[in-house]
Every structure is written in C-alpha cells, then in structure tokens.
Amino acid sequence: MDLENEKNDIGRDSIALWVLNPPEPPCMLYRILKNLKEAQLGVTLFSLKHQNSPKIVFTFLQALFPIFASFKNYNVHKFKSDVLGGLILAIFAIPQAMANASLANMSPEYGLYTSIVPPLVYALISSSREIVIGPATVDSLLLSSMIQTLKDPIHDSIAYTQLVLTATFFTGVFQVAFGFFRFGFLVDYLSDATMVGFLQAVAIGIVLQQLKGLFGIVNFTSKSDLFSVIKSLWTSYKNKSKWHPCNFIIGFSFLSFILFTRLLGRRKKKLVWLSHIAPILSFIISSAIAYKVNVHELKIEDYKIEVLGPIKGGSLNPNSINQLQLDSNGKYLGPLIKIGLTVAIISTTQCVAVGRLFASLRGYKIDPNREVLSLGIMNIIGSFTSCYVGSGLLYFTPKAMLAAIILSAVPGLIDIKKVYDIWKVDKLDFLACSGAFLGVLFLSVPMGLAIGTMISFAKILLISIQPSIAVFGRIPGSEAFGDVEQYPMAINMPGVLVVSVKSAWLCFTNASPIRERIERWVIDGEDENSKGERSIKVVIIDTSSLVSIDTAGIASLVELNQNLTLRGVTLSIANPRWQVIHKLRLANFVSEIGGRVFLSVGEAIDAILAAKMEA
C-alpha cells in the first residue's frame, strides 16, 4: 500500500485530530521525578523477582559494584596481566603523585595518599575500565591557585592543608549531587573551546610555576599568572637571590631523558616500556646523585641540590575528618564551596571526556552520571582519610626532579592543532578559547574560566536573538522541503510563503525579529505584485525545529496572525512539537487561526490545493 492510499484509508481529518489533540505533555516536575526514579544501581524489583537468592545477591552486588561483572570470565591470564599493569602504573604513579602534590603546595606524602585510597574506591564503583585515578596536574594547580588566596601554603601549611581537604570534600559533595540527581550533563555547559583555552593556559602556568624547582630559586611567588611570575623572576635577579645551579642541571637533564624516552617509545613500539619506567628510573638515579653530593653536608640548608627532606611516616589517619573546616560561622566556608564547585566541574569534565574516549575505543559504554557519582564518593572518602608513607629514599629526592616530572606532562596538555581547528571552524568559539586562555594566563584560574564561560553564553544569546528563519521550497524530485538559499533549485508554490523557524525556542529574545521578518517578506511580495508579479496569500510556518515557546513567542504569533488577516493572508502551522502545540492550544491560538495546524508542510500545501479545487 503506498503512502497516498494509506492516507486516504486513515482519513485526513483523523491525521489533523492527531496533531491538534495529542496527550498532555509531562510537566517539568514529572520529568525530574522520572529521572530520579531511574535507579542509579540499575536494579529493578522486576529483574530480581524471578531469581534465586544467590543470583539476587550477585546481581545486586554487580549493580552496586560494577567491578564484580569482570569476575564472570576472570582467569589466571587476566590476573597476571592485571598484576603487571598495576605494577607499571605504580612505578609511574609514585613520582608523578609526589610531583603533583608539590604542585598543589602540599607535602609529597599527600600525593602518595591520593594514589592509594581514591583509586581503590573508584575502581569498585565506577563503570569505566581504563581510567586511573590519582592527583592530576590540572586539579593540583587549580587547587593551589585558588586556595592560596585564602591561606599562605608556606607560612601556614597546616591551615592550608585543612582548606585543601575541605575543598576536596565539597568537590565530592557536588559530584555526588550531580550524579545522584542525574545532572551530569551540567559539565557540558563548560564548552569545549573554553576547556581547550583553559588547558593551554594551565600548561604555561605549570611551566612558570616549576621554574622555582628547576632553578632552585629560594624566594619565588606561589601565584601562576604571567605578571606575578615575571615580577618574581625580575625581583630575584635584581636582588641577586640565592639559587641552586645544580638543581637546573639535575632537572633539565632528567626532563630531557624522560621526553627522549617518550619520543623513542612512540617511534619504536618495542621500546615503549622504557618510557614507562623512565620517571621512576630518573627518580631513583637523581636521588642517588643528590645523596652523593649532599651527604657530607650537616644541614639541609647547605645542600647543593635541594631535596624534599624528611617525609612523615605512619599509617591511615582516621581523624582527618576533624581537619575539615565546616563551621558555618567560619570566613572560609563560602569561598571553599565556590572552589569545590569549580574543581568539581573541571575535574568531572576531564574525567568523563577521557572515559567516553576509551569506552568508545574498547566498544562499551559508560554511564556519565555514575562516573560523576563515583568521583564524588571517592573525593568525600579521600577527604576523610590521610595516608602517610615513610622512606629513607624519599628524603634525598631532588625538588628539581619533581619539577622535571611535572614539566614532562605539559606537552600532553598543549594542542595547537585543536586551537587552529577551533579558529578555522567557529570564530566565536575561538573568542571563548582566547578569553579563557588570556584570563588564566594574566589574571587567575577562576577569572579565566568565568571569561570563557561568559563568552560562550554570550554566543548562545547572540544566536538566539537572531531571527533564525528561512524561506523553504520543495526540492525537485522529492517530497522534502529545504532552505531556498541552501538549495537554489527549490520550487516555491505561487501565492504560498513557506518559512521555517530554525531556533529551538521562540521566546522574548527572538520572537519580534522573526515576526517582523515574516511581515516584511509578505509586504515585499505585495510590492512585487504591483509590478505584475505574484502576491502571497498563504503563510505556512514550519515549526519542526521549535522545541518550546514562551508567552512572548505566542504573543508574537497572535500579532502576526492579526496583521496577516488585515492583508487578506491566512496563517498555518506545520509539524508543531509536543510542548509547542500544547501551549498554543492553552492560549487559544489554534482556534484563532481556524485550526490550520498540519502534520507537515506537504500536508498543509495539500490542504491548500484541496481547498482551491473545492472552490
């Protein structure tokens, strides 16, 4: 049965009634509650009802801890691979974790702690199979740059550490809230262009901050913006501040070694193992050199190569929850909540993006909301626990070595090609990228993010207030209609103006410009008619792209219909979405236009032709 016969069998009147009388759409509260009812665990009573007790327990545990799903087909070979992979990651993570803790202006043992407890928690409850959790370079710099405005990490390190733990707690709280209420999509409001600009500036900020460790400069700023670093360098040079030349030799040499092994591993796959062990190898060798050079000095201040010095030893500290600054009367609570929200968004954005990438490469899917929830639980538990690790080897670890390890991660943050692609594709996105970059580089991390985000939202507002509307015509040889500018061969039906609203919203920002443009096209048609050409008698508005409409949008349609009626022109609506037709019915607009609402533009034109034939 062809389409035309099917239409005749069903009846055009029935189709019109389907369009005009759909079920009432769900309200916003219903949709929120529906999201909440979608269980985070993925377990329903129905799925458990027909299972025996052992299966119920396993299914529940598998939903609560996705790691149990991997035990179904687990074997000795996979166990050996996991042990080897864990060993390689541990070798790489130890120096990286200590370096990132130093970047966050915290004692190195906190980096080791962050590499023990959070990965265990995340591995149990996360849906991603590849993400490895630890102290990240970007997060470390982000925390350092914002919390040091509240407390000096050098002169009041204890209070500074407490604020970092509190900010970590609030980060976890926000991430749990995002995941539980299924608001993981909120991280997408930080546009890709803003993140690219932010990461490029962070990379430069990391380089600037590591100049202190690389050169062994004694008096150096803890800020990461360009002006502060240049001022600090100039002051150090002008006052001939003390610095350690041996630090530069150690740092630059092992930085070159790490980067060389990484390049060698990319070119020769058989030597990729060398790039994996290069950081820990550099760690051990540089510590041995520092020991040999400094061992004869009695005081650590007299060492020729700056080292970490004594590192606290011990075990899990159950009392770190008492270090959280949660007093509602405290002056730091408000700023820490803001810092927690900022870090939660940045950290989640990066983690979810990486998780999606690896999941697509491995052929499985991750649940973004579950990832956000897992990150939140991990950070909350992390803020409650403290893990100290003691070693004699760590005492002589050169600070320049930690700077070299941090700097070796910088190339992974820089993506000039991505910046060029943004410039080539979308100039407004490039403006947001540049705003975030310059803001972070010359002002601060929060200001850079705020500038990039504001530009991104300004772009959305600018696009939304534009009269996004186009004249449509029928594409020859098909039933489809398209933009006459995009498809110059499209055919216009004499006396009929078909327009399409391209915006998702018809609201107070764009309703008047769209109405004025339609009226102008109708007037232009009348002017053409005075020259002996056709005039417009019917206007059909295709609303297939229109997701919602507010009272200002409805008022503009009412005014448009009144103005067109005065000119003897009839108005029709084609393909309205669920929310749109519901609101138009509530506002009695459908009755005002005589019920001329159709399933498609083609249906509307067919109705016009049928009316002409009857006349």
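The preceding data block contains the structure.
The structure contained in this document is the topic of the report that follows. (Residues numbered from 1 in each chain as written. Predicted model: local features only at pLDDT ≥ 70, side-chain atom pairs only at ≥ 80, totals over all residues. Heavy atoms only, no water.)

If you trace the 6 strands from one edge of the open sheet to the other, you get 4-3-5-7-9-10, paired in mixed fashion. A strand with exactly one partner marks an edge of an open sheet, and here the two such strands are strand 4 (481-483) and strand 10 (597-598). Bridge analysis of strand 7 (residues 538-542) against strand 9 (residues 570-574) gives 5 bridges, and the strand direction is parallel. For valine 539, the partnering residue across the bridge sits in strand 9 and is leucine 571. Sheet contacts for helix 24 (residues 551-566): strand 7 and strand 9; angle to strand 9, the most-contacted strand, approximately 140 degrees. (Pairing = 2+ DSSP bridges. Helix = DSSP H or I, 4+ residues; strand = E, 2+ residues; numbered from the N terminus. Contact = heavy atoms within 4.5 Å. Axes fitted to C-alpha atoms, helices over the stretch in contact; angles between N-to-C directions.)

Topologically, threonine 166 is positioned in helix 10 (residues 157-180). Within the structure, the side chain of threonine 166 is placed 2.7 Å from the backbone oxygen of glutamine 162, a separation counted as a polar contact. If near-sequence neighbours (up to four positions away) are discounted, threonine 166 is found in contact with Gln323, Leu324, Gln325, Leu326 and Leu336. (Polar contact = N/O pair within 3.5 Å; in protein donor to acceptor, adjacent residues only side chain to side chain.)

Scanning the entire structure with this criterion turns up 11 salt bridges. Here aspartate 156 ties to lysine 151 by a salt bridge, and the two come within 3.3 Å at their closest N and O atoms. The salt bridge partner of glutamate 479 is arginine 474, with a shortest N-O separation of 3.2 Å. On the accessibility criterion, glutamate 479 (67% relative accessible area) is exposed. For arginine 474, a relative accessible area of 24% gives the class partly exposed. A single network of salt bridges, built from pairs that share partners, joins Arg515, Glu516, Glu519 and Glu559. (Salt bridge = Lys/Arg side-chain N within 4 Å of Asp/Glu carboxyl O. Buried < 20%, exposed > 50% of the residue type's maximum accessible area, 1.4 Å probe, protein only.)

Before going further, it helps to examine the nonpolar core. If you look at soluble globular proteins, the nonpolar side chains tend to sit buried side by side. If you look at the biggest cluster of nonpolar residues, it comprises 77 residues, and the most contacted ones within it are Ile147, Phe198, Val202, Ile206 and Ile339. Per-element accounting of this core gives the leading share, 8 residues, to helix 11 (residues 192-209). Residues in contact with isoleucine 206, not counting those within four places in the same chain, are Leu103, Thr137, Leu141, Ile406, Leu407, Val410 and Leu413. Ile469, Val539, Leu564 and Ile573 belong to the second largest nonpolar core, which has 30 residues in total. (Core = buried A, V, L, I, M, F, W, Y, C linked by side-chain atoms within 4.5 Å.)

At a minimum axis distance of 9 Å, the contact between helix 8 (residues 117-125) and helix 17 (residues 368-384) shows a crossing angle of 150 degrees. Relative to helix 17, the element helix 8 lies roughly antiparallel. Pair helix 8 / helix 17 crosses with right-handed handedness. Together, Val117, Pro118, Val121, Tyr122 and Ile125 of helix 8 and Arg370, Glu371, Ser374, Leu375, Ile377, Met378 and Ile381 of helix 17 make up the contact between the two elements. Residues belonging to the contact of helix 8 with helix 17 are distributed by class as follows: 9 nonpolar, 1 polar and 2 charged. (Parallel < 35°, antiparallel > 145°, perpendicular 65-115°, else oblique. Left-handed = near helix turned anticlockwise from the far one by under 90°. Nonpolar A, V, L, I, M, F, W, Y, C, P; charged D, E, K, R; others polar.)

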